[in-house]
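The lines below spell out each chain.
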Amino acid sequence: MPDHSSQSATVPPRRRGRPVQIDQETREAMVLDAVGELLLHCRLEDISMSGIARKAGMSKRTLYTIFASREELLGATFARIGQRIFRPLAAHERDLPLVERLNKLMTLNEIPQFEQGAVEVLRAVIAEAPIHPGIARQWDAEGRGALISYISAELAAATGNGEVTLHDLTATEAAEFLVDMVMGETLHELLTPGEARRAGCDAREEKQLRRQRAIRVFLEGIRVR
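Criteria and thresholds
- Residues numbered from 1 in each chain as written.
- Predicted model: local features only at pLDDT ≥ 70, side-chain atom pairs only at ≥ 80, totals over all residues.
- Heavy atoms only, no water.
- Helix = DSSP H or I, 4+ residues; strand = E, 2+ residues; numbered from the N terminus.
- Polar contact = N/O pair within 3.5 Å; in protein donor to acceptor, adjacent residues only side chain to side chain.
- Contact = heavy atoms within 4.5 Å.
- Phe/Tyr/Trp six-rings, centres within 6.5 Å; stacked < 30°, edge-to-face > 60°.
- Buried < 20%, exposed > 50% of the residue type's maximum accessible area, 1.4 Å probe, protein only.
- Core = buried A, V, L, I, M, F, W, Y, C linked by side-chain atoms within 4.5 Å.
- Salt bridge = Lys/Arg side-chain N within 4 Å of Asp/Glu carboxyl O.
- Patch = residues over 30% accessible without salt bridge, like charges linked within 9 Å, V, L, I, M, F, W, Y side chains within 5 Å.
- Areas by Shrake-Rupley, 256 points an atom, 1.4 Å probe, with all protein chains shown as cover.
- Lys, Arg positive; Asp, Glu negative; His and termini not counted.
- Charge placed at Lys NZ, Arg CZ, Asp CG, Glu CD.

Focus on the side chain of glutamate 93
In this fold, glutamate 93 is placed in the loop between α5 (70-85) and α6 (98-105). Within the structure, glutamate 93 has its side chain in polar contact with the side chain of arginine 87 (distance 3.3 Å). What glutamate 93 contacts, discounting residues up to four positions off in sequence, is Arg87, Arg101 and Lys104.

What follows is the structure, given as structure tokens:
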């Protein structure tokens, strides 16, 4: 009979592998990705911390170590989305003519959550604003607010170079006018959900046409005469 006692004595016991350690930044990205996925299929008011934790594959307790509240988490989600939709000019774009610089700034990057239901999400944010004002503030600051700051910087530079004159407006006020011209009347969209677009235009073409017309009209008003 072979002696297994000596063999077992020399073979170390098999150890269970340690769980993979995930750094805080990666965990946060996982959570924000999960919220983005949920926004594709759920109403904002139906997205709970429990549902987010399940989607992210972690416990609710772990989720609360990353974000202290649902308000903080949704605020971070909208901040991240805003940074992806609106971006400043790249270094190689800063020498372009002003009309092209403005057109690039106002050509929004497509984000799936908002291509399918931007107005619906905005409606939900407005509904939650009295209870969770931080979410609405974050949405405004990282979305429209960021875009205005980018455009304001370009208008200030163009004024300094003698490309345009803003008359009695500040660069920020002029940027707000242009953003409103391009974005249109959001209240109308909120009050008339599902209203048909103009015949012959899809959403992307309609946005592009409005953007180009608005920039042309705006620049005509501030050109140096």
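Read on, since the account is not over.
Focus on the packing of aromatic side chains
Counting across every chain of the model gives one aromatic pair. Here phenylalanine 78 and tryptophan 139 contribute two aromatic rings whose centre-to-centre distance is 5.0 Å and whose plane-to-plane angle is 80 degrees, an arrangement assigned as edge-to-face. On the criterion of sequence distance, the pair formed by phenylalanine 78 in helix α5 and tryptophan 139 in helix α8 (residues 133-160) is long-range, its members being 61 residues apart. Accessibility expressed as a relative area gives 3% for phenylalanine 78, which makes it buried. Judged by its relative accessible area of 23%, tryptophan 139 falls in the partly exposed class.

A word on the nonpolar core
If you look at the biggest cluster of nonpolar residues, it comprises 50 residues, and the most contacted ones within it are Val31, Ile52, Leu73, Phe78, Ile151 and Leu155. Apart from residues lying up to four places away in sequence, valine 31 is in contact with Ile52, Ala56, Met58, Leu63, Ile66, Phe67 and Leu73.

Description of the pattern of salt bridges
In the structure shown here, the tally under the stated rule is nine salt bridges. A salt bridge links arginine 94 to glutamate 154; the nearest nitrogen and oxygen atoms lie 2.9 Å apart. Taken together, the residues arginine 94 in the loop between α5 and α6 and glutamate 154 in helix α8 connect sequence positions 60 residues apart. In this structure arginine 94 comes out as partly exposed when scored by relative accessible area, which is 42%.

Here we look at a negative patch on the surface
On the surface, a cluster of negative charge is contributed by Asp23, Glu25, Glu28 and Glu72. Here glutamate 25 lies in helix α2 (residues 24-41). Relative accessible area serves as the criterion here: at 66%, glutamate 25 is assigned to the exposed category.

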